[in-house]
Amino acid sequence: TVTVDAQRVTVADLATGPVPAAAGAVVVLGGGEPGTSTAVSQRLVLRHLVSAGLAAGVRMGGATECTIVFAGRQVATGDLQEAARRALQPLVPAPLAGAPAPWFELDLPARDLPTARDTWQILVQRTQPLEPGRNAVRFLLDDGGQRSAFPGTVILHAYDEIATARLPIDRDMPLDAGLFTWQWQDLATAPQGAAVGRAALAGASAGRTLAAGDLLRTSDLRETPLIRAGDPVDLTVTRGGVAITLRCTARQAGTLGQTIPVRNELNGQLVNARVAGPGLVEWR
């Protein structure tokens, strides 16, 4: 009888003394399950050596049959679930100030996995934090000698604020948090397209008219123009090392970095200039 940690048995595992390296590496039996046993005969060993072209000059000795015991056991799905949850915990993001604590659902294949040793751990093949909603995650059962990979699905329930209008909001009106009623929302079940978090309002204006009670959506946000059509602007014109400033009128609204037409008040000429700041445009 011989006990092996691996799931396959070689000639070297069965030999009571040294054997040539090539012959010792020949696999006699594969796919053994931890906690089971099976018998291997001299005849089976010789047949594998013949198939490998290594039987010349071989003389068989010892027992005519050997019982192989595969060490280890099958790890139950429940134990895998518990270990996988512990391995995932460092990937759960911290909650926002005042928000409910995030939590997750874990779905693993309903099957036991073999381990050759009693000491084993679950590893997660992922380093970045979990995203709200569905995440595909790959796990490894590692017993220090071999690894078994298996997939899993993790649904992260993390919370952030969504907003509804407190009063009617006109189109193009600059937005701030005081115009809205805020509530914590599980992002895994958030309404599709909802604007998430107060930071989404930074520099934004309403892209449409909102009625009281309307949910604020990402499509409702547009960048607030630094310059509006008809505003007086200072146009800086740079040529080589010389820069001059002209007084102009914006013909179109523009956000930072956007190119808009402006009219030179001295000669009426139109120039396409880049918005550089409130009331400032430039042309090079």
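These numbers were taken from a predicted model, which means no experiment stands behind them.

What to know about the overall build of the protein
Stage number 1. Scanning the protein for helices and strands turns up four helices and 20 strands.
Stage number 2. Its C-alpha atoms give the protein a radius of gyration of 36 Å, clearly above 19 Å, the size a compact globule of 284 residues would have.
Stage number 3. By its C-alpha atoms, the protein is 110 × 50 × 25 Å across when sized along the principal axes.
Stage number 4. A buried classification covers 36% of the 284 residues belonging to the protein.
Stage number 5. Considering only contacts in the protein between residues 6 or more positions apart, those separated by 24 or more positions represent 54%.
Stage number 6. A total accessible area of about 15900 Å² is found for the protein, and carbon and sulfur atoms account for 51% of it.
Stage number 7. If you average the places of the 26 positive and of the 26 negative side-chain charges in the protein, the two averages end up 7 Å apart.

Focus: the nonpolar core
Stage number 1. Of all hydrophobic cores here, the largest spans 23 residues; its most connected members are Leu-80, Leu-88, Leu-106, Ile-122, Phe-139 and Leu-141.
Stage number 2. Contributing elements (two or more residues each) for this core: helix H4 (77-88), strand E7 (103-107), strand E9 (121-124), strand E10 (133-142) and strand E11 (147-157).
Stage number 3. When residues in this core are grouped by element, the largest group, five residues, is from H4.
Stage number 4. Setting aside residues no more than four positions away along its own chain, Leu-106 makes contact with Gln-81, Ala-84, Arg-85, Leu-88, Phe-139, Thr-153 and Val-154.
Stage number 5. One finds Ala-23, Val-28, Val-40 and Phe-70 within the second-largest nonpolar core, a separate group that totals 14 residues.

What about the pairing of E9?
Successive residues of a regular strand alternate their side chains across the two faces of the sheet.
Stage number 1. With burial as the criterion, only one face of E9 is covered, namely that bearing Ile-122 and Val-124; the residues Gln-121 and Leu-123 on the opposite face remain uncovered.
Stage number 2. Examined bridge by bridge, E9 and E10 share four bridges and lie antiparallel to one another. The residue bridging Gln-121 from the neighbouring strand is Asp-142, located in E10.

Observations concerning the environment of Pro-20
Stage number 1. With respect to the helices and strands, the residue Pro-20 is situated in the loop between helix H1 (11-14) and helix H2 (21-24).
Stage number 2. When its relative accessible area of 58% is taken as the criterion, Pro-20 is described as exposed.
Stage number 3. Placed 34 residues apart in sequence, Pro-20 and Leu-54 show a C-alpha to C-alpha distance of 9.8 Å.

Some thoughts on the side chain of Asp-160
Stage number 1. You can see Asp-160 is positioned in strand E12 (residues 159-165).
Stage number 2. Of the side chains bearing the opposite charge, Arg-198 lies closest to the buried Asp-160, which forms no salt bridge; the N-O distance is 7.5 Å.

Conventions used here
- Sequence order as written defines the numbering, with residues in each chain counted from 1.
- Whole-chain, interface and lining totals are the exception, using all residues; otherwise, since this is a predicted model, local features are given only for residues with pLDDT of at least 70 and side-chain atom pairs are given and counted only at 80 or more.
- With hydrogens and water stripped out, all remaining heavy atoms of the structure feed into the side-chain values.
- Only runs of H or I of at least four residues qualify as helices and only runs of E of at least two qualify as strands under DSSP, and these elements are numbered from the N terminus.
- Two things to know: the radius of gyration comes from C-alpha atoms, and the globule rule equals 2.2 Å times the number of residues to the power 0.38.
- Think of it in three bands: residues with accessible area under 20% of the maximum for their type are buried, residues over 50% are exposed, and the middle band is partly exposed, with areas taken using a 1.4 Å probe on protein chains only.
- For this analysis, residues touch if any pair of their heavy atoms sits within 4.5 Å.
- Surface exposure here means Shrake-Rupley accessible area, sampled with a 1.4 Å probe, where a residue is shielded only by the protein chains that are shown.
- When charges are tallied, Lys and Arg are placed among the positive residues and Asp and Glu among the negative ones, while His and the ends of the chain are skipped.
- All charge positions are set by atom: Lys at NZ, Arg at CZ, Asp at CG, Glu at CD.
- The set of buried Ala, Val, Leu, Ile, Met, Phe, Trp, Tyr and Cys residues whose side-chain atoms join them within 4.5 Å is what this entry labels a nonpolar core.
- Here, any two strands with at least 2 DSSP bridges between them count as paired.
- Here, a salt bridge means any Lys or Arg side-chain nitrogen found within 4 Å of an Asp or Glu carboxyl oxygen.

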